[in-house]
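Each chain, written out:
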Amino acid sequence: MNGKVKKDFLWGTASAAYQCEGGWNEGGKGESNWDQFCHGPKNVKGFTGDVAADFYHRYKEDIRLLKEGGHSTLRFSIAWTRILPDQSGQVNPEGVAFYKDVLKECRENGITPNVTLLHYDIPAWLEDLGGYANPIFPDEFAKYCKVVFEQFGNEIPLYVTINESTHNAYCSYLTGNYPPNIHNVQTLVQVCYNLVVANAKAIREFRKLNLTSQVGIVHTTNTVQILKDTPEYRVAQRRGDLFKNKWVTDPAILGKFPDDLFPLLEESGIDLSFVKEEDLEIIKHNTIDFLGQNCYTRALVKPYESGETNYYPNNVGAGVKTIEGYTVKGWFQTDVDPNTPKNAWSREIYPKTVYDMLMGIKKDYGDIPVYITENGHALYEQPDANGEVNDDERIEFLKSYLEWLIKAENEGCNVKGYYAWSTTDCYSWINGYEKRYGLIYVDYANGLKRIPKKSYHWYREFIREHTED
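Residues numbered from 1 in each chain as written. Predicted model: local features only at pLDDT ≥ 70, side-chain atom pairs only at ≥ 80, totals over all residues. Heavy atoms only, no water.

## Brief notes about the sheet that holds strand β6 (residues 224–225)
Okay, step 1: Strand order in the open sheet formed by five strands is β6-β8-β11-β10-β9, with mixed pairing between adjacent strands. This sheet does not close on itself; its edge strands, each paired only once, are β6 and β9 (310–312).
Okay, step 2: The sheet contact formed by β6 and strand β8 (residues 299–302) spans two bridges and is parallel. In the sheet register, Val-224 faces β8, and the bridge partner there is Ala-299. (Pairing = 2+ DSSP bridges. Helix = DSSP H or I, 4+ residues; strand = E, 2+ residues; numbered from the N terminus.)

Take a look at the structure:
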């Protein structure tokens, strides 16, 4: 496949505060739910983000490397607890100053910031009150977002409210491997609802300021596909799409939940008494300007056979045969294509999913601008005898996905940018540090030295060759 994207297409990489910043208790920062979890007894693996890649102290070096790598944008997140360290609502000037410095460094290096306000880390005090499940969550989130919008205004051209509502909710309240480490389907549904309301209330605050910036949400898309075209499989496909995608994207873009979602939930025994008409009105009138899509793989589903509702990730890696997937009782469960490759964490590698996803958005939602806000390939890796990291497998992964992305863009999909996950190697949540995604290697044993990988150099050339003059 050949082709180029438009000259103003944004090329970059992505990161997240808890995964890369470090400085967990510096600069007036308060305690987050992830600080609390990592320092507590439930963190059986012992990995923490206390230092991570130390972006907090090394952001100038990292942003310089982005410029040298031909990047035009950086996606990063703001830590809620750096801005509002405690329940008092008092703004932390040191936290604001840190992100002002990061934004200044981006400007001086020609890097467009794309900034997420919630990337899994919420204040510990709010977690102690029930976190996402507490009905106060949307209002507390909106208060925090209001402060960020007022403090940074148009310095940030692209704001993202929430990263990956689905993955965050399912890991935290279904698998229970992320804090608060709960498995409760009723609570999960209320959390999902609260996240949708929180997004809308944050956008309402954004609109009050009449900024020239844009606001969006980042969703982890899984194009839902089936291996058999039968009525039963098509029903499973629709239900899989509701579970994986539509409860986030329909309210965010169309301003309403899918018509068939609430009846299905009630049929499954979910109490929806928490749904409020005033919330639905706020959702209706506060929709996004753009959609961020984190694209790793497709979701392959089949009709439900057996088992309780659950999500099964592989957080161990190589040597474990757990197939990443879902069971949603009465709705669907994960299917497996034996003919496609899988990575070391048993995730299917299916590059065409990015094309299918973009074409599906065009069909369902028209011309809404889309950014591929994450796309990446995890590897176990270390420098060779020459001190180089030759990650050819990652290059092949990125190249194959990008070819399908460019094809979609050339066929009229309104895709505006691409972010490889991730900028540097970082804390990969409960997977720790062995699971590496970065285009820049971080040598954790030798002072966090940065080593641009082969993929970093390849990406620079790919950008140059595939962008219109």
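## Concerning empty space enclosed by the protein
Okay, step 1: Using the criterion set out here, one finds seven cavities of 30 Å³ or more in the structure.
Okay, step 2: Each pocket or cavity is described by its volume, and for the largest cavity that value is around 760 Å³.
Okay, step 3: If you trace the largest cavity, you find 47 residues lining it, with His-167, Thr-297, Tyr-311, Glu-324 and Arg-347 closest to the centre.
Okay, step 4: Here the residues of the lining of the largest cavity are counted per class, giving 17 nonpolar, 19 polar and 11 charged.
Okay, step 5: In this structure, the second largest cavity occupies an estimated 70 Å³ of space.
Okay, step 6: Broken down by secondary-structure element, the contributors of at least two residues to the lining of the second largest cavity are α1 (17–20) and α4 (80–83).
Okay, step 7: Considered class by class, the residues forming the lining of the second largest cavity number four nonpolar, four polar and five charged. (1 Å grid on protein atoms, 1.4 Å probe; cavity = no way out; pocket = protein on both sides within 12 Å on 5 of 7 lines; lining within 4 Å. Points joined across faces, edges and corners; volume = space filled by probe spheres on them. Nonpolar A, V, L, I, M, F, W, Y, C, P; charged D, E, K, R; others polar.)

## Examining unusual backbone geometry
Okay, step 1: Put simply, Pro-179 and Pro-180 share a cis peptide bond, and its omega is 15°.
Okay, step 2: Residue placement: Pro-180 occurs in the loop between α8 (165–175) and α9 (185–208).
Okay, step 3: For the bond from Trp-421 to Ser-422, the omega torsion is 10°, close enough to zero to count as cis.
Okay, step 4: One non-glycine residue with positive phi stands out, namely Glu-164, at about 50°.
Okay, step 5: Examined against the element boundaries, Glu-164 turns out to sit in the loop between β4 (158–163) and α8.
Okay, step 6: Backbone geometry at Asn-210 places phi at a positive 50°, although glycine is not the residue there.
Okay, step 7: By the element assignment, Asn-210 lies in the loop between α9 and β5 (214–221).

## Notes on the sheet that holds strand β13 (residues 415–421)
Okay, step 1: A barrel is described by the order of its strands in space; here eight strands give the closed sequence β1-β2-β3-β4-β5-β7-β12-β13, paired in parallel fashion. Strand-to-strand twist across the sheet, computed as the mean angle between neighbouring axes with direction ignored, equals 25°.
Okay, step 2: As judged from the four bridges shared by β4 and β5, these two strands associate in the parallel manner. Bridge pairing links Asn-163 to Val-218 in β5.
Okay, step 3: Where helix α13 (residues 353–365) meets the sheet, its contacts fall on β5, β7 (290–295), β12 (370–374) and β13, and the angle it forms with β7 comes to roughly 155°.
Okay, step 4: Contacting β1 (10–14) and β13, helix α15 (residues 454–465) crosses the sheet at an angle of about 160° to β1. (Axes fitted to C-alpha atoms, helices over the stretch in contact; angles between N-to-C directions. Contact = heavy atoms within 4.5 Å.)

## Re the side chain of Ser-77
Okay, step 1: Positionally, Ser-77 belongs in strand β2 (residues 73–77).
Okay, step 2: Given the relative accessible area of 1%, Ser-77 is considered buried.
Okay, step 3: Polar contacts involving the side chain of Ser-77 include one to the main-chain amide nitrogen of Ala-17, which spans 2.7 Å.
Okay, step 4: With residues up to four places along the chain from it excluded, the contact list for Ser-77 reads Ser-15, Ala-16, Ala-17, Glu-21, Tyr-99, Thr-116 and His-119. (Buried < 20%, exposed > 50% of the residue type's maximum accessible area, 1.4 Å probe, protein only. Polar contact = N/O pair within 3.5 Å; in protein donor to acceptor, adjacent residues only side chain to side chain.)

## Some words on the packing of aromatic side chains
Okay, step 1: Enumeration over the complete set of coordinates arrives at 47 aromatic pairs.
Okay, step 2: Where Trp-11 meets Tyr-418, the ring centres are 6.2 Å apart and the plane angle is 65°; that geometry is what we call edge-to-face. Of the two residues, Trp-11 is situated in strand β1 and Tyr-418 in strand β13; the sequence distance between them amounts to 407 residues. Exposure class is identical for Trp-11 and Tyr-418. Each is buried.
Okay, step 3: Ring geometry for Tyr-56 versus Phe-98: centroids 4.6 Å apart, planes at 40°, classification tilted. One end of the pair, Tyr-56, is in helix α3 (residues 55–68); the other, Phe-98, is in helix α5 (residues 93–108), and 42 residues separate them in sequence.
Okay, step 4: Assessed through its relative accessible area of 14%, Tyr-56 is described here as buried.
Okay, step 5: Classification of Phe-98 as buried rests on a relative accessible area of 5%. (Phe/Tyr/Trp six-rings, centres within 6.5 Å; stacked < 30°, edge-to-face > 60°.)

## A word on the pairing of β13
Okay, step 1: Counting buried residues along β13, six of its seven residues qualify, which places the element largely inside the surrounding structure.
Okay, step 2: The pairing of β12 with β13 spans three bridges and is classified as parallel. Looking at the pairing, Val-370 lines up with Val-415 of β13.
Okay, step 3: Assessed by its sense of winding, the connection that carries the chain from β12 through helix α14 (residues 392–410) to β13 is right-handed. (Right-handed = clockwise from strand over helix to strand, strands pointing away.)

## Some words on the packing of α14 against α15
Okay, step 1: The contact between α14 and α15 brings their axes to 9 Å, and the two run at 25°. By the angle class used here, α14 and α15 are roughly parallel. Note that α14 runs across α15; the crossing there is right-handed. In this structure, α14 contributes Asp-392, Arg-394, Ile-395, Leu-398, Lys-399, Leu-402 and Ile-406 to the contact, and α15 contributes Lys-454, Ser-455, Trp-458, Tyr-459 and Phe-462.
Okay, step 2: Per-class residue counts for the contact of α14 with α15 are seven nonpolar, one polar and four charged. (Parallel < 35°, antiparallel > 145°, perpendicular 65-115°, else oblique. Left-handed = near helix turned anticlockwise from the far one by under 90°.)

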